[in-house]
Each structure stands twice: as C-alpha cells, then as structure tokens.
Amino acid sequence: MATASVAFKSREDHRKQLELEEARKAGLAPAELDEDGKEINPHIPQYMSSAPWYLNAERPSLKHQRKWKSDPNYTKSWYDRGAKIYQADRYRKGSCENCGAMTHDAKSCMDRPRILGAKWTGKHIAPDEKIEQFELDYDGKRDRWNGYDAASYAHIIERYEARDEARKKYLKDQQLKKLEEKNNKEDEERGDSEDEDFEDVLKVDEAKVDESKQMDFAKVEKRVRTTGGGSTGTVRNLRIREDTAKYLLNLDVNSAHYDPKTRSMREDPLPDMDPNEKFYAGDNQNRVSGQALEFKQLNIHAWEAFDKGHDVHMQAAPSQAELLYKNYKVNKEKLKSQTKEDIMEKYGNAASEEILPRELLLGQSEREVEYDCAGRIVKGQEMSIPRSKYEEDVFINNHTAVWGSWWKDHQWGYKCCKQTIRNSYCTGAAGIEAAEASADLMKANIARKESAEDFMMHMIRYPSL
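Values in this document were obtained by computation on a predicted structure and should not be read as measured data.

Here is what the cut-offs are and how they apply
- Residues numbered from 1 in each chain as written.
- Predicted model: local features only at pLDDT ≥ 70, side-chain atom pairs only at ≥ 80, totals over all residues.
- Heavy atoms only, no water.
- Helix = DSSP H or I, 4+ residues; strand = E, 2+ residues; numbered from the N terminus.
- Buried < 20%, exposed > 50% of the residue type's maximum accessible area, 1.4 Å probe, protein only.
- Contact = heavy atoms within 4.5 Å.
- Areas by Shrake-Rupley, 256 points an atom, 1.4 Å probe, with all protein chains shown as cover.
- Phe/Tyr/Trp six-rings, centres within 6.5 Å; stacked < 30°, edge-to-face > 60°.
- Lys NZ or Arg CZ within 6 Å of the ring centre and 35° of its normal.
- pLDDT = per-residue confidence, 0-100.
- Disulfide = S-S within 2.5 Å.
- Salt bridge = Lys/Arg side-chain N within 4 Å of Asp/Glu carboxyl O.
- Core = buried A, V, L, I, M, F, W, Y, C linked by side-chain atoms within 4.5 Å.
- Expected span 1.5 Å × (residues − 1).

**Some details on the overall build of the protein**
The helix and strand inventory of the protein stands at 12 helices and 8 strands. Counting over 465 residues, the protein shows a buried share of 15%. Considering only contacts in the protein between residues 6 or more positions apart, those separated by 24 or more positions represent 33%. With the model as given, the accessible surface of the protein reaches about 40,800 Å², and the carbon-plus-sulfur share is 52%.

Next up, the structure:
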C-alpha cells in the first residue's frame, strides 16, 4: 500500500526520516501523533500504519485499521420486557380469542386458558404487548449478556446474606448454651475440658477472614508503560518471604552460577554441606530424580523405538509412546523372570533352603573305581566322551553309523553300508557285496569296451590283415 504523501524525497530527507524512526523506536524522540492527537506506536510495521491511497489521508493515522464503515441502523438495545402499550375495553376483531390482546393469536397466547374466552365474554381484556424489531450487528447477535438486568441477581445475594445471618445467630445461641452449662457444672475437671470445647467454638467465628482482604494478599501491582499507552496488571507473588533466595545461600564469587534471567542455579551452591541438612542442591537435582527421570527414560525409549522402525513419536503421539513404554516394561519383566526361572531350573538355586544331597556336599559315593599308575581309570567308571551342542549318534533309515563316517574317492558316505548318497536307506553287508559286484562288473565292461575299440583301430590301420 502506498502512503498519502507521494512527494519525492531526496536521499538526505530519506536518511533523516530513517534516523527519526530509529530514535522513536529507541524512545529518544517523541512518538508521532495521529489526527486525534493520540500517539502512534513506532514499532507498528509500515504496511499496517500506511493508509491506502484511495482514502486520501493527509496526516498519519490508524483509522483505516479500525471499523470506519459503521452502519447507523445497527443497535445494541434490547426488548422492553413486560411493557404494555394499550388497554382495550372491549373485544376487537382479529385479537386473541382467549385473552383479547391484539398482538398475538390464541395459539401463541401465554395466559391461562379460559373456559369462555374474551371473544365470547368481552370481559378482562388483556393489554397489548409492546412489539419491537431490532436489527442487531454481528456482536449484538452473539452477545449472551445483551439485555441482562443486574438487578435480577439481587434476590440471590439477599438469600446468601440471610443464610449468613442465620448461621451467626445459631453460633451465638450455641455459645450462650455452652456458657450456661459451664456455670451449672461444679466439677473443675469437666469444666476445664468443656472450656476447651467452648474456646474451639469461639474460634469458628474468629477464623473467618474477610474474602476481600484475602484476595488482596500477596499481590504486586505492576504498571507496563509503552509509547502507545499502558496497562495495569495484577500479578500474584508466589515466593514466601521467609525463604532464603538461592543466590544468597553462598556469596562466594566462584560458587555456583546464578542466571537472573531464568532464575536458575544449575549447580549445587553448597557442595560441602551435609546432604541431610541441605535444603537446596541445585536445579540439576530435579532433573535426575522423581518424575523428571521417568520422563527422560520415556523419551529415550521413544527415540530408540523410532530408530528400530516403530512408528512412535513423543511429541506427536505422547499417549501412544507412554503406552508402548509401559508394555515394554511389562514384557521386559516377564522375560527377565522367565530367564531367571529357566536358569534356576537348569542349574539350581544355591541360595534356596533346600538341603543338597550328602554325596554332592562331601564328594563321596559307594562306587568302586580303579586307577593305573598314570591316573587313568581302569575299572569302575568309563571315560565320558565330551559332547558338543549339536546332535550326535542319531541314526536314521536303519543306519548304524552317521553320515560322514566313511570316505572314498573324494566322497563322504555311511560306514555301515558304504553308500555315498545322503539320507538313503541302509542295505548293510548285502549292499556292500552288491556294490562291490557292481563295481567289478563295471570294470569288466570298461575293459571289454577298451579292447573292442583297440581291435577296431587296428583293423582300420591294417585292412589287409
């Protein structure tokens, strides 16, 4: 948007204008005034403070930002409730058949239905109501308090005041009754105990504090002044005056740093003090204890789950991340307990109260074992062959040896039947004999074929023979 003043400015005038705007923003120069004599905030951007060219504004103003097109037909008035305009003496044609008012018909009549309406009796004609038509603006249509009469709330105030008066009177009667009972009793001990009860009753009224004074307690009035105007706000002071400020706990210059802007002291101002007597240990103490530590672990779990491919985000879906973390902890505890039970079931529990067998405790048994001079077992116990984690001595398909127990011609096979085909059925000694006979037959056939080929080559070379 262009401004109203379109006159050409030289470079010097433009520089002075910029310096004046900077001085106004810094508060060194008075603010610019509009047509009504009000100050214009110098921090308002130019595209907001500049008026459109078609308004022909001669002086700087902010009227173009306000509602300068106001419709005089709009109003914020409300209906005059219960107002009457005319009292008729006889029934008129077109009026209500029940009450006789001219402003409504019998269907919308709010009076008590009569046995004989005003149309037939001509008596007790109701006055005409005041009918008003308003053209409300946007705010008037949506104003929920439009037409509210504050005097209608007076009966509620009177009812509460009457309740308070009745309560005070009841307490006073109870106090008088206590005084009479105290004077009639002669026992001093009972009198002392009843005196304490009487004082407690008296404290009920004394403990009642005026709410208006209580609302004004511990409040600080602050005046915020700006170039364009100011506003007064009330801020509640939450710091207890008896507490020592954190920056006064240790006045040493080299102690923990205090940031006045954020009012934070991260380090411990008194590191050498007894922890049992220490009231404040720095702001970092709150980050590694309580719910802050749980929240930190929740964030770490969400990051690790996202890195592993889970669609979880702590800021986008915090409820989902928290539920996933709870399920993770439950599953982790289940897996941990299951692993512990498996280990205890396999190796036993040395910390249990069960008494171990005597032979295991003392290492003695009734079995006789003989050893040779080298310490090798000769009789009584066979040497146990160490076993691996793989399955051993598992024979399939009637084999008596495992696969790989026999080797011939760069091929592995079964030793029991000398077959080189894995997972084949064992044929035993008969299979070995059949294989040997087949091999001999194959060798004989190969030799006969070679001799026939040699004979044919000889005949080709020497055909005359």
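**Observations regarding the packing of aromatic side chains**
Any aromatic ring pair is given by two values, namely how distant the centres are and how the planes are angled relative to each other. Applying the stated rule across the entire model yields 7 aromatic pairs. Seen in terms of ring centroids, Trp403 and Tyr414 are 5.3 Å apart; in terms of plane orientation they differ by 70°. Their pairing is edge-to-face. You can see Trp403 sitting in the loop between strand 6 (377-379) and strand 7 (406-408) and its partner Tyr414 sitting in the loop between strand 8 (411-413) and helix 12 (428-461), a full 11 residues away along the chain. We note Arg142 situated over the ring of Tyr138; from NZ or CZ to the ring centre the distance is 3.7 Å.

**As for the confidence of the model for the protein**
Of the residues in the protein, 79% reach a pLDDT of 70 or more, and the chain-wide mean stands at 80. The spread of mean pLDDT over the elements of the protein runs between helix 7 (residues 211-215), the lowest at 45, and strand 2 (residues 128-129), the highest at 93. Confidence drops under pLDDT 50 across residues 201-218; counting only partners more than four residues distant or on other chains, this segment forms 13 contacts. Note that residues 222-231 has pLDDT below 50 and, in this model, 15 contacts with residues that lie over four places away or in other chains.

**What about the state of the cysteines?**
One pass over the full model with this rule turns up 0 disulfides. In this structure Cys416 is not part of a disulfide, and its nearest cysteine sulfur, from Cys426, lies 3.6 Å away. Assessed through its relative accessible area of 16%, Cys416 is described here as buried.

**So, the pattern of salt bridges**
Scanning the model with the defined rule gives 12 salt bridges in all. Between Arg15 and Glu19 there is a salt bridge, with the nearest N and O atoms lying 2.6 Å from each other. Taken together, the residues span about one helical turn, with Arg15 and Glu19 both in helix 1 (residues 11-26) at a distance of 4 residues. The residue Lys63 makes a salt bridge to Glu35 at a minimum N-O spacing of 3.7 Å.

**A word on the nonpolar core**
Formed by Leu298, Ala302, Ala305, Val312, Met314, Ala321 and Tyr325, the largest nonpolar core amounts to 7 residues. When contributions to this core are tallied by element, the ones reaching two or more residues are helix 9 (291-307) and helix 10 (318-347). Per element, the largest residue contribution to this core is 3 residues, and it comes from helix 9. Met314 has contacts with Phe295, Leu298, Asn299, Ala302 and Ala321, leaving out every residue within four places of it along the chain.

**As for helix 12**
With 34 residues, helix 12 ought to run about 50 Å at 1.5 Å a step, and its terminal C-alpha atoms sit 50 Å apart, in line with that. Taken residue by residue, helix 12 has Gly428, Gly431 and Ile432 as its buried positions.

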